[in-house]
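Summary of structural features
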Amino acid sequence: DVKVTQSSRYLVKRTGEKVFLECVQDMDHENMFWYRQDPGLGLRLIYFSYDVKMKEKGDIPEGYSVSREKKERFSLILESASTNQTSMYLCASSAPPYRGENTEAFFGQGTRLTVV
Amino acid sequence: DAKTTQPPSMDCAEGRAANLPCNHSTISGNEYVYWYRQIHSQGPQYIIHGLKNNETNEMASLIITEDRKSSTLILPHATLRDTAVYYCIALPKNAGGTSYGKLTFGQGTILTVHP
């Protein structure tokens, strides 16, 4: 059974803390993504990566950074957490088209982060 | 990527077919239509995708109009567990493209299946 696993389901952090959200996939996918989801705003792309050590900004990268040191792991980093980063964070992975297989994205269960 | 338009909400009786429309009038020739759904408190789940032919899998059927400007996702026998937000997304699938499979989610359609 294919899986995208996020390290925490719920997380509470203090303002100013450095926060790491971890995501691991076991499907050997090249593409990995981080989204956040807020009521009324839907899912918005923060960062994505199409290969190890490669990263691209999504639509709302401000206040975030990412790390992709290994193919299976994609980390989202909040350098100095703020209350407006309280949100549901979703990680996803997919195979690129040139692999000739289905390219649907698989999502993790999400991490609900509260910054107080 | 082409913009998609969906009704904000729909209702369906349990056991009946749920037909969810999507308008994508600006879709380009190399863009596929993907459908995902998100059940409350879970991550989105892939349902089906297609280019121009109708598609069917164990979850649903996808009907794409001949001009490709709209499509309909059909859940043939809706159950209470199909209550979710359904997203229609246009996504390029060319091997040389730089989309890297980035999904741009709209607001989707909230489908409520009633007993």
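The structure we're discussing is the one just above.
1. What to know about the overall build of chain A
What chain A contains, in helices and strands, is 0 helices and 11 strands. When the elements of chain A are put in sequence order from the N terminus, they spell out β-β-β-β-β-β-β-β-β-β-β. In summary, chain A has a C-alpha radius of gyration of 14 Å against a globular reference of 13 Å for 116 residues, a match within 12%. By principal-axis analysis of the C-alpha atoms, chain A measures approximately 45 × 25 × 25 Å. Looking at chain A as a whole, 52% of its 116 residues qualify as buried.

2. A closer look at the nonpolar core
Residue and element names in this part refer to chain B. Residues L20, W35, L73, L75, Y86 and L111 are the most contacted members of the largest nonpolar core, which totals 22 residues. Residue assignment for this core shows that the elements contributing at least two residues are β2 (18-23), β3 (31-38), β4 (45-50), β6 (61-64), β7 (70-75), β8 (84-92) and β9 (109-114). For L20, the contacting residues outside a window of four places in its chain are M10, W35, S71, T72, L73, L75, Y86, T109 and L111.

3. Digging into the interface of chain B and chain A
Residue-level contacts link 19 residues of chain B with 23 residues of chain A. Summed over both sides, the interface between chain B and chain A buries roughly 1800 Å², with carbon and sulfur atoms accounting for 58% of that surface. Our enumeration of links across chain B and chain A arrives at 0 salt bridges. Viewed at the interface, chain A and chain B are joined by 4 residue pairs in polar contact (both at pLDDT 80 or more). For the side of chain B that touches chain A, the element with the highest residue contribution is β3(B), accounting for 3 residues. Here the side of chain B that touches chain A is built from residues that sort into 9 nonpolar, 8 polar and 2 charged.

4. Observations concerning the state of the cysteines
Overall, the coordinates contain 2 disulfides over all chains when judged by the stated rule. There is a disulfide in this structure between A:C23 and A:C91, and the S-S distance comes to 1.9 Å. What sets the handedness of the A:C23 and A:C91 disulfide is the S-S torsion sign, and at about -80 degrees it is left-handed. With A:C23 in strand β3 (residues 19-25) and A:C91 in strand β9 (residues 87-94), this residue pair connects regions lying 68 residues apart in the sequence. Pair check on accessibility: A:C23 and A:C91 agree, each one buried. Residue pairing for B:C22: its cysteine sulfur links by disulfide to B:C88, the two sulfurs lying 2.1 Å apart. The S-S bond linking B:C22 to B:C88 shows a torsion near -80 degrees; that makes this disulfide left-handed. In this pair, B:C22 is assigned in strand β2 and B:C88 in strand β8, connecting sequence segments 66 residues apart.

5. Examining the sheet that holds β4(B)
Residue and element names in this part refer to chain B. The mixed open sheet is built from 5 strands, whose spatial order is β1-β9-β8-β3-β4. Each having just a single partner strand, β1 (9-13) and β4 make up the two edges of the open sheet. Each strand axis lies, on average, 25 degrees off the axis of its neighbour in the sheet, ignoring direction. Here β8 runs beside β9; their pairing, made up of 3 bridges, is antiparallel. Each residue of the ladder has a partner; that of A84, found in β9, is L111.

6. Observations regarding the layout of surface pockets
Roughly 510 Å³ of volume is contained in the largest pocket. Taken together, 27 residues make up the lining of the largest pocket; nearest its centre are A:Q37, B:Q38, B:H40, B:V85 and B:Y87. Within the residue set of the lining of the largest pocket, elements represented by two or more residues are β4 (31-38) and β9 of chain A together with β8 of chain B. Along the lines of polarity and charge, the residues of the lining of the largest pocket split into 10 nonpolar, 15 polar and 2 charged. Counted as a void, the second largest pocket has a volume near 400 Å³.

Scoring rules and cut-offs
- Residues numbered from 1 in each chain as written.
- Chains lettered and ligands numbered in written order.
- Predicted model: local features only at pLDDT ≥ 70, side-chain atom pairs only at ≥ 80, totals over all residues.
- Heavy atoms only, no water.
- Helix = DSSP H or I, 4+ residues; strand = E, 2+ residues; numbered from the N terminus.
- Rg over C-alpha atoms; globule rule 2.2 N^0.38 Å.
- Buried < 20%, exposed > 50% of the residue type's maximum accessible area, 1.4 Å probe, protein only.
- Core = buried A, V, L, I, M, F, W, Y, C linked by side-chain atoms within 4.5 Å.
- Contact = heavy atoms within 4.5 Å.
- Buried area = accessible area lost by both parts, 1.4 Å probe.
- Salt bridge = Lys/Arg side-chain N within 4 Å of Asp/Glu carboxyl O.
- Polar contact = N/O pair within 3.5 Å; in protein donor to acceptor, adjacent residues only side chain to side chain.
- Nonpolar A, V, L, I, M, F, W, Y, C, P; charged D, E, K, R; others polar.
- Disulfide = S-S within 2.5 Å.
- Pairing = 2+ DSSP bridges.
- Axes fitted to C-alpha atoms, helices over the stretch in contact; angles between N-to-C directions.
- 1 Å grid on protein atoms, 1.4 Å probe; cavity = no way out; pocket = protein on both sides within 12 Å on 5 of 7 lines; lining within 4 Å.
- Points joined across faces, edges and corners; volume = space filled by probe spheres on them.

That is the geometry; function is a separate question.
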